[in-house]
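So you can see what is in the structure, the chains are spelled out below.
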Amino acid sequence: MLILAAGCAAPGPSVEEARAFVDDAEIRLLEHWIVAERAAWVQSTFITDDTTAIAADAQTALIGATMELASQAARFDGVTLPEEIRRKLMLLKTSMGLAAPEDPALQAELSRITTGMESTYGKGLVCPGDGEDCLDLPQMERMIAESRDTDELLDLWTGWRTISPPMRAQYARFVELANAGAGDLGFADLGELWRAGYDMPPDAFTAELERLWQQVRPLYESLHCHVRAELGEEYGTAVVPPDEPIPAHLLGNMWSQTWANIYDIVGPARSDPGYDLTQLLESNRVDELEMVRYGERFFSSLGFAPLPDTFWDRSLFTQPVDRDAVCHASAWDLDFESDVRIKMCIGVNGEDFVVIHHELGHNYYQRAYQQQSPLHRTSANDGFHEGIGDTIALSMTPEYLAEVGLLRRVPEADRDLGLLMRLALDKVAFLPFGLMVDQWRWKVFSGEIGPDEYNEGWWDLRTEYQGIRAPVPRSEADFDPGAKYHIPANTSYTRYFLAHILQFQFHRALCEVADVDGPLHRCSIFGSLEAGERLNTMLEMGASQPWPNALEVVTGQREMDATAILDYFAPLQAWLDEQNAGRSCGW
Ligand code: X8Z
Ligand code: ZN
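Below: a short report on this structure. (Residues numbered from 1 in each chain as written. Chains lettered and ligands numbered in written order. Predicted model: local features only at pLDDT ≥ 70, side-chain atom pairs only at ≥ 80, totals over all residues. Heavy atoms only, no water.)

1. Structural notes on the site of ligand 1
- Around ligand 1 sit Gln257, His328, Ala329, His358, Glu359, His362, Glu386, Phe430, Lys484, His486, Tyr493 and Tyr496, and those are all the residues in its vicinity.
- Here an oxygen atom of ligand 1 and a side-chain polar atom of Gln257 are 3.0 Å apart.
- Lys484 places a polar side-chain atom, nitrogen or oxygen, 2.7 Å from an oxygen atom of ligand 1.
- In isolation ligand 1 offers 380 Å² of accessible surface; the protein chains occlude 85% of this area.
- Classifying every residue of the shell around ligand 1 gives four nonpolar, five polar and three charged. (Near = heavy atom within 4 Å. Polar contact = N/O pair within 3.5 Å; in protein donor to acceptor, adjacent residues only side chain to side chain. Areas by Shrake-Rupley, 256 points an atom, 1.4 Å probe, with all protein chains shown as cover. Nonpolar A, V, L, I, M, F, W, Y, C, P; charged D, E, K, R; others polar.)

Below, the structure written as structure tokens:
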């Protein structure tokens, strides 16, 4: 007799099956990652229709494989699995930062849109007047950093924003397709998929961000208040009215995301540190390659092995003169082992000197975790990846610059206020921008901001978080979010906010390991093998454990904590409070 007994269903898949599935998936994914990286490298360093198409094809194959594996993984949903395997199944779903519907035609469409938007951004040119004398982004960024002519600044600001409206419809379609894919993976939308990458429920992560933001907000608002008042003095209160958001073209940066380029306008008069990194590089005749060598030497001083010859042979250090390239700086790991590179259109200036260290931080992280299994070959969370090179750059103190022969006289302690202000214009000014970019995207992905509200939604958040405003009226014919690299490139941005909190935590902890006395802003871990070893222990872990474990290795703390950045800038906060007394702050 054949008995179809209820309660006697075929047993579910075993733990061994799940383990074998994950092992196979990692081998397959790794192959796709490498092919996609190579294609993307060629696309970004040599933008043509063909390289863009090749990159899109590689991405289509990768999305197809990732989605297929993720859907197959669903059969382990009801199985009790060891935590390590459960976590890898989650990492598999979130590894791409993108998702697509099952239909191969739609996967191909999505890839063409994302690679196409990246190429459009990379090729961006602004040709005022008769179409001659076109400007590219690196040129415009330099001009907006240096010009103090409000008409010219406004032209640069509005000019760059003419490259993005063509991407608006593509972006709306991208949102539609990616959301459908995220839905197939069990997420509400692509934003929830992104928020799922932090070893905690997505809602808990949102609350974490809010907690951190509230910790640093008073410091930002003090800086904002002072900067607005000084800009009012420079340009007149008709241009920069008190009580109102600051016009976005006056802050020395195309996106008003860092403000150190207007240090000359807003810095404290009697505490100028007396040196300028750009001038030091120039007067010491340091060229682009040598700037990278300085970065390598810093890591070497911590005990890291020198970069491989392939890094020097294959990286792109300067803007190609004969072809289009994506000049936005990035770090690469082509074979997920040792073929690390940077791609950057280096300018000889202090800002790019810091960015070089930022990029090298990615490369040293990539090399440190190469022994991990493929899904663990990434950082503890994406904020860690963005924070390592920045941590090293915090050690570029006057003492360090003197030690490596770039600076002759170390400024006295009475210049500390100037040093702190200059750094705050980068690090503190960045915080609300670091947060608002994904606040916008999360709302776009969830549908709270619809395609007919993209620009208004963007400026509402720019004003709410940063206290800035567009210098001229904007409309839905514009697509200002698309004029910021990470939107067309679909790179999540919360990582940078986290990195700006984490790097101060790392710095504080490593200064203790290195046994350096004195204030944090005068601490350099240069030459400390102990600090290097501690850092390396964390880097080697990759994503093999939840990020609080990694954080604990360096800092002894299991929580992201903004007290480190607040401690660092405490003397500046006190000075800002004095300056702002009698001013009305806020917007
Ligand atoms: O995009 C970057 C890096 C890429 S690895 C250069 N950053 C953000 C930006 O430029 O907007 C670094 C800080 C913020
Ligand atoms: Zn980065």
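2. Some details on unusual backbone geometry
- Phi at Asp199 takes a positive value of approximately 55 degrees, unusual for a residue other than glycine.
- Among the secondary structure elements, Asp199 is positioned in the loop between α8 (190–195) and α9 (202–235).
- On the basis of relative accessibility, which here comes to 36%, the residue Asp199 falls in the partly exposed class.
- Although it is not a glycine, Asn490 sits at a positive phi angle of roughly 50 degrees.
- Following the sequence through the fold, Asn490 ends up in the loop between β6 (468–469) and α19 (494–513).
- Overall, Asn490 belongs to the buried group, its relative accessible area being 13%. (Helix = DSSP H or I, 4+ residues; strand = E, 2+ residues; numbered from the N terminus. Buried < 20%, exposed > 50% of the residue type's maximum accessible area, 1.4 Å probe, protein only.)

3. Remarks on the pattern of salt bridges
- For the structure shown, the criterion picks out 30 salt bridges.
- For Asp414, the salt bridge goes to Arg415, with nearest N and O atoms at 3.5 Å.
- We classify Arg415 as partly exposed; its relative accessible area is 29%.
- The network of salt bridges with common partners includes Arg38, Arg314, Asp339 and Arg341. (Salt bridge = Lys/Arg side-chain N within 4 Å of Asp/Glu carboxyl O.)

4. Here's the deal with the coordination of the zinc ion (ligand 2)
- Around the zinc ion (ligand 2), the donor atoms from the protein are His358 (NE2), His362 (NE2) and Glu386 (OE), and they sit 2.0 to 2.1 Å away.
- Around the zinc ion (ligand 2), the four donor atoms sit at angles spanning 88 to 146 degrees, and that spread fits a shape best called irregular.
- Positions of the donor residues of the zinc ion (ligand 2), expressed as sequence spacing, correspond to H-x3-H-x23-E. With His358 in helix α14 (residues 350–368) and Glu386 in helix α15 (residues 382–393), this residue pair connects regions lying 28 residues apart in the sequence. (Donors = N, O, S within 2.8 Å, 3.2 Å for Na, K, Ca; no water. Tetrahedral: all angles 85-135°; square planar, octahedral: opposite > 155°, others 65-115°.)

5. Overview of the packing of helix α17 (residues 416–446) against helix α23 (residues 570–580)
- Where α17 contacts α23, the two axes come as close as 9 Å, and the packing angle between them is 95 degrees. Considered as vectors, α17 and α23 are oriented roughly perpendicular to each other. Between α17, through Leu417, Leu420, Met421 and Ala424, and α23, the contact on the second element is made entirely by Pro571, Leu572, Trp575 and Leu576.
- Of the residues belonging to the contact of α17 with α23, the class tally is eight nonpolar, no polar and no charged. (Axes fitted to C-alpha atoms, helices over the stretch in contact; angles between N-to-C directions. Parallel < 35°, antiparallel > 145°, perpendicular 65-115°, else oblique. Contact = heavy atoms within 4.5 Å.)

6. Let's talk about the packing of α14 against helix α20 (residues 529–541)
- Two elements in contact, α14 and α20, have axes separated by 7 Å at closest approach and are oriented at 65 degrees. Taken as axis vectors, α14 and α20 run roughly perpendicular relative to one another. The hand of the α14/α20 crossing is right-handed. Residue-level inspection shows Tyr364, Tyr365 and Ala368 of α14 in contact with α20, the latter providing Asn536, Leu539 and Glu540.
- Of the residues contributing to the contact of α14 with α20, the split by class is four nonpolar, one polar and one charged. (Left-handed = near helix turned anticlockwise from the far one by under 90°.)

7. Details of a negative patch on the surface
- Where like charges cluster on the molecular surface, the negative patch consists of Asp452, Glu453, Glu456, Asp460 and Glu464.
- For Glu453, the position within the fold is in the loop between α17 and α18 (454–466). (Patch = residues over 30% accessible without salt bridge, like charges linked within 9 Å, V, L, I, M, F, W, Y side chains within 5 Å. Lys, Arg positive; Asp, Glu negative; His and termini not counted. Charge placed at Lys NZ, Arg CZ, Asp CG, Glu CD.)

8. Description of the environment of Arg441
- Looking at the element boundaries, Arg441 is found in helix α17.
- Sequence separation between Arg441 and Val553 is 112 residues, and the spatial gap between their C-alpha atoms is 33 Å.
- Ignoring anything within four residues of it in the chain, the contact list for Arg441 reads Tyr171, Trp194, His486, Ile487, Asn490, Thr491, Ser492 and Tyr493.

9. Some points on the nonpolar core
- Ranked by internal contacts, the top residues of the largest apolar core, which has 187 residues, are Tyr171 and Phe174.
- It is α17 that contributes the most residues to this core, 18 residues altogether.
- When neighbours within four sequence positions are excluded, Phe174 is seen to be in contact with Leu98, Leu110, Ile113, Thr114, Met117, Leu190, Phe445 and Asn490. (Core = buried A, V, L, I, M, F, W, Y, C linked by side-chain atoms within 4.5 Å.)

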